[in-house]
Amino acid sequence: MKYVDEVMDYFDSKDGPDVKDFLYRILSKWKIFLICGGLGICIAYFVSKYSAPVYMMRSTLLVHVDPNETNAKQMFEGNQLRDKANIQNHVEILKSFTINRKAMEGLAWHQSWYKKNFFADKGLYRKEPFELIQHEGTNLTNLPVFIKQMDKYSYKIKVDGETEYNGEKVKVKFEKEGLFTQPFKNKYFNFTINTIGDKVDKEDKYYFVINDLDKLTLEYMESMVISVAEKKAELIHLRIDDTEPARGVDFLNELNWEYLQFRLIEKNKKSENTVRFIDSRLEGIVDSLQLAGTSFTNFRSRNRIVDLGQEAGVVVAKKQELESKLSQAQILLEYYNKLLTNLGDANQMKQVVAPSVAGITNPTLDALVTKLTDLYGKREVLSYSVQAKNPSLLVLNREIDVIRESLEGNLKSLVSNSQIEVTSLNERMTKVRDQLSRMPKNEQKFINMKRNFDLNNELYTFLLKKRAEAAIAKASNVSDAQIIDPARLATIIKIKPKLAINLLIGLILGLGLPFLVIILKEFFNDNIQSKEELVKKTRLPILGTIAHNRYSNSLPVFHQPRSSISESFRSLRTNLNYVLPDNQTNIIGIHSTIPSEGKSFTAVNLASIVAMNNKKVLLIGADMRKPKIESMFNLENKVGLSTYLIRYNKWQEVVQNTNIKNLYCVTSGPVPPNPAELLENGRLEMFLNAVKGKFDYVFIDNAPISMVTDGFITGKLADANLFILRQGFSHKEQINYVNQIAERNSLSNVSLVLNDVTSNGIYGSYSNGEGYYYEEPSSGIVRRLWEKVSNN
């Protein structure tokens, strides 16, 4: 059982975080929290009122995804990335620099105008005070150019800033006047400024910035958010935040328009390539057809031949049929070989004509070529905005490889079949030529001319038909995207600043800042904050706490006898009797470990309050290094303890009366060169023996004990030793030092007193107003405010 009690005593003696005490100290600073919280709210209000508002603009696109693009599911079973890839391709196109740059060019945002304000500059989009026309030559970008209208004919330009020019930082500073409608030109700028009605207020400050469209495009790309509505939806939401709503609305709408045009151009590429190919072929065929027609007509007129014989007609018809088949077979073979050669070249594949245009009725081949061309185009667009390892791009490359391999095998088979067909047709043509060679010469010439004319005529008719089909296809093409909700000023939403949120943030920061300061102060503060901390760190008796002295004099117990500090000294006087022996004269040593802990103040007021209790008291100033008590009583210090110790005076000669009844004082006297040696010469003990019986109490004010040994010398002659510690000033380590003094018995009967204690409103050691004692009012409102702030 004894062991358990020892363990419990050990844990009780261990320090731990006193949350309740910490909360009390936090709550005692409520005035600071109130001021800082109010200040935070005020700052948040002004920030919300004067900062530039930010608005959110939105628009929605409906994208019709090509269902054929889902073939990847069949090629890569189990791969779920493709579900999002189709719609994600459109999202990446909208994010691409190319599309956004085209939108910026379409808007022609070559300059931006602003009005200078105290807190935040205001944009003047669509409200430009002047018209700015840029000319060819140098015009530095991203540099504020301030303009002031002097009169209706002239203006002044002022520039003072830094910008980049040709990859280097350039410092620009100049002032120059210019004339409206006349070019303004120097080594930095070349433009003309015109007035616009009466939009200019001469009291306002205006400036413009010539925009770098590339950087402006990047800024808008960063502020834009593009998202897909749902997992399987074909809706794309576009959002942009801007301080100028009209500017954001125009950008979103222009971006949507450029995107629709881009998609339409991509769809029209196949038709345009077809028309271009047919036109190039028609240029040669028209000339050949005219020449063949003229030659055929002249030959018939000259030889008076109307028609061929029956046998010749059959041979000619057979030859025309074989030539037509051979021509088609050779075109197919040439097309197959060219297509096979260009399979791996994306740029060449974009120029390839569709098989159906070349007269090839092979749905599989036509579908594969169209598919591969579309995939190459999508990869090119996607590569503008994503990295090489992007999942969408990887899936696209994989699909391209599969389509290319399938097409390559199909083409090789077609090339082989076409070569066999061309060989067979050539052999049959040889036999028909032999039959023609046996006919008369005029019939042979007639047959050749008619055949040449018919061949060119058929080809011309065929190409005209295909050209018409391609033109119709191009005219009927529409974009695969549709604007559902364009950006409108009516649908904008103000997102910043939000007054309620800012006020809450201001309040939190206002309260959090002092809280953080207090936390850091508590963390790094090693000073004694309360009597409770003192109790935890020592087992020595704590005789009392001395209230903070709010008066200008050093003897509040005499001048303000009903004050709280006088009551604290009365309490100390009462508790002191419990540790003193029952002697005729009790000697009490007053000590401190370091200077400025209130040792002399405590000694003087404690001696005074004891004397005011009809006790005869002697106060000895034993701090001969920095004497103080003589100034508190307005006494002379020509004689004192030092003169007695050197045998210059008798003890009766150094005892002086004070203005307090029953209180006598021995000042320290002139400062000697060797105070410690004088205290150890035995004269002090003789002095104390001499005054015993003549005084009820003897108080000795000593030098700081951790700095000199004087206090140890005098303390050994005392019946009780009081160590003074000061709240918020003395370090916790000093408590351990006093504990060691008591444990080693360096001084006997050691007790503690906590000085300069301020009430935190929670512990409430002392009260005022109508309590048990009367607290005199302060001398003025300014002094009271200062004391409240300093106490906190």
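Since we're looking at a predicted model, the values are computed, not measured. (Residues numbered from 1 in each chain as written. Predicted model: local features only at pLDDT ≥ 70, side-chain atom pairs only at ≥ 80, totals over all residues. Heavy atoms only, no water.)

S.K.: Mind showing me how you'd approach helix H18 (residues 599-611) here?
M.R.: In an α-helix there are 3.6 residues to a turn, and that puts residues three or four apart on one side. Taking 1.5 Å of rise per residue, 13 residues should cover 18 Å, and H18 covers 18 Å from first to last C-alpha, within 8% of that figure. Taking burial as the measure, the 13 residues of H18 include 13 buried ones, the bulk of the element. (Helix = DSSP H or I, 4+ residues; strand = E, 2+ residues; numbered from the N terminus. Expected span 1.5 Å × (residues − 1). Buried < 20%, exposed > 50% of the residue type's maximum accessible area, 1.4 Å probe, protein only.)

S.K.: Before we go on, may I ask you to explain the packing of aromatic side chains in this structure?
M.R.: Applying the stated rule across the entire model yields 23 aromatic pairs. Pairing Phe130 with Phe180 gives two aromatic rings, centres 5.7 Å apart and planes at 20°, and the pair type is stacked. One end of the pair, Phe130, is in strand E4 (residues 130-134); the other, Phe180, is in the loop between strand E7 (168-179) and strand E8 (183-185), and 50 residues separate them in sequence. Here the two residues Phe130 and Phe180 agree in accessibility, since each one is buried. On the basis of an interplanar angle of 45° and a centroid distance of 4.8 Å, the ring pair of Tyr220 and Phe251 is categorised as tilted. You can see Tyr220 sitting in helix H7 (residues 213-223) and its partner Phe251 sitting in helix H8 (residues 245-303), a full 31 residues away along the chain. Residue Tyr220 shares its accessibility class with Phe251, and that shared class is buried. The ring centre of Phe695 lies 5.2 Å from the NZ or CZ of Lys616, which sits over that ring. Between Arg683 and the ring centre of Tyr644, over which it is positioned, the NZ or CZ distance is 4.1 Å. (Phe/Tyr/Trp six-rings, centres within 6.5 Å; stacked < 30°, edge-to-face > 60°. Lys NZ or Arg CZ within 6 Å of the ring centre and 35° of its normal.)

S.K.: Explain empty space enclosed by the protein to me, please; I cannot follow it from the model alone.
M.R.: In this approach the atoms are scanned with a rolling probe the size of a water molecule, which exposes any empty space left behind. Scanning the model with the defined rule gives two cavities of 30 Å³ or more in all. Around the second largest cavity sit Ile147, Lys148, Gln149, Val200, Asp201, Lys202, Asp204 and Tyr206, which together line it. Among the elements that make up the lining of the second largest cavity, the one with the highest residue count is strand E5 (residues 145-149) (three residues). The class makeup of the residues in the lining of the second largest cavity is three nonpolar, one polar and four charged. (1 Å grid on protein atoms, 1.4 Å probe; cavity = no way out; pocket = protein on both sides within 12 Å on 5 of 7 lines; lining within 4 Å. Points joined across faces, edges and corners; volume = space filled by probe spheres on them. Nonpolar A, V, L, I, M, F, W, Y, C, P; charged D, E, K, R; others polar.)

S.K.: Could you clarify how one ought to interpret the pattern of salt bridges in this entry?
M.R.: Should the charged atoms of two oppositely charged side chains come close, the side chains can pair. Per the stated rule, a full pass over the model turns up 15 salt bridges. Residue Arg101 pairs with Glu105 through a salt bridge whose shortest N-O separation is 2.8 Å. Taken as a pair, Arg101 and Glu105 lie in helix H6 (residues 97-107) at a separation of four residues, close to a single helical turn. Looking at Glu105, the relative accessible area reads 45%, which means it is partly exposed. (Salt bridge = Lys/Arg side-chain N within 4 Å of Asp/Glu carboxyl O.)

S.K.: Please clarify how the environment of Ile713 should be interpreted in this entry.
M.R.: You can see Ile713 is positioned in helix H24 (residues 710-715). With residues near it in sequence (within four places) discarded, Ile713 still touches Ala676, Leu679 and Glu680. (Contact = heavy atoms within 4.5 Å.)

S.K.: Looking at this structure, how should I read the sheet that holds strand E15 (residues 542-547)?
M.R.: Whenever strands of a sheet pair, they do so through backbone hydrogen bonds, lying parallel or antiparallel. Read across the open sheet, the eight strands follow the order E15-E22-E21-E16-E20-E17-E19-E18; overall the sheet is mixed. Single-partner strands in this sheet number two, and they are E15 and strand E18 (656-657). Strand direction decides the pairing type here: strand E16 (residues 586-591) and strand E20 (residues 697-701), joined by five bridges, are parallel. Among the inter-strand pairings, Ile590 is bridged to a residue of E20, identified as Asp701. Lying on the sheet, helix H23 (residues 683-691) is in contact with E16, strand E17 (617-621), strand E19 (663-666) and E20; it crosses E17 at an angle near 170°. (Pairing = 2+ DSSP bridges. Axes fitted to C-alpha atoms, helices over the stretch in contact; angles between N-to-C directions.)

S.K.: Help me understand the sheet that holds E4 in this model?
M.R.: In space, the three strands of this open sheet follow the order E4-E9-E8, with antiparallel pairing throughout. At either margin of the open sheet sits one strand with a lone partner, and together these are E4 and E8. Neighbour-to-neighbour, the strand axes of the sheet open up by a mean angle of 30°, direction not taken into account. Both E8 and strand E9 (residues 190-195) contribute to a ladder of three bridges, which runs antiparallel. Along E9, the bridge assignment pairs Lys185 with Asn190.

S.K.: Is there a simple way to think about unusual backbone geometry in this case?
M.R.: Across residues other than glycine, the phi torsion is negative in most instances, and most of the peptide bonds are trans. Of the consecutive residues Lys496 and Pro497, the connecting peptide bond is found in the cis state with omega at -15°. Positionally, Pro497 belongs in the loop between strand E14 (493-496) and helix H14 (499-524). Positive phi, normally seen in glycine, also occurs at Ser596, with a value near 70°. Its location among the elements puts Ser596 in the loop between E16 and H18. Of note in the backbone geometry, Asn614 takes a positive phi value of approximately 60° without being a glycine. By the element assignment, Asn614 lies in the loop between H18 and E17. A residue is classified by how much of its surface remains accessible, and Asn614, at 61% relative accessible area, is exposed.

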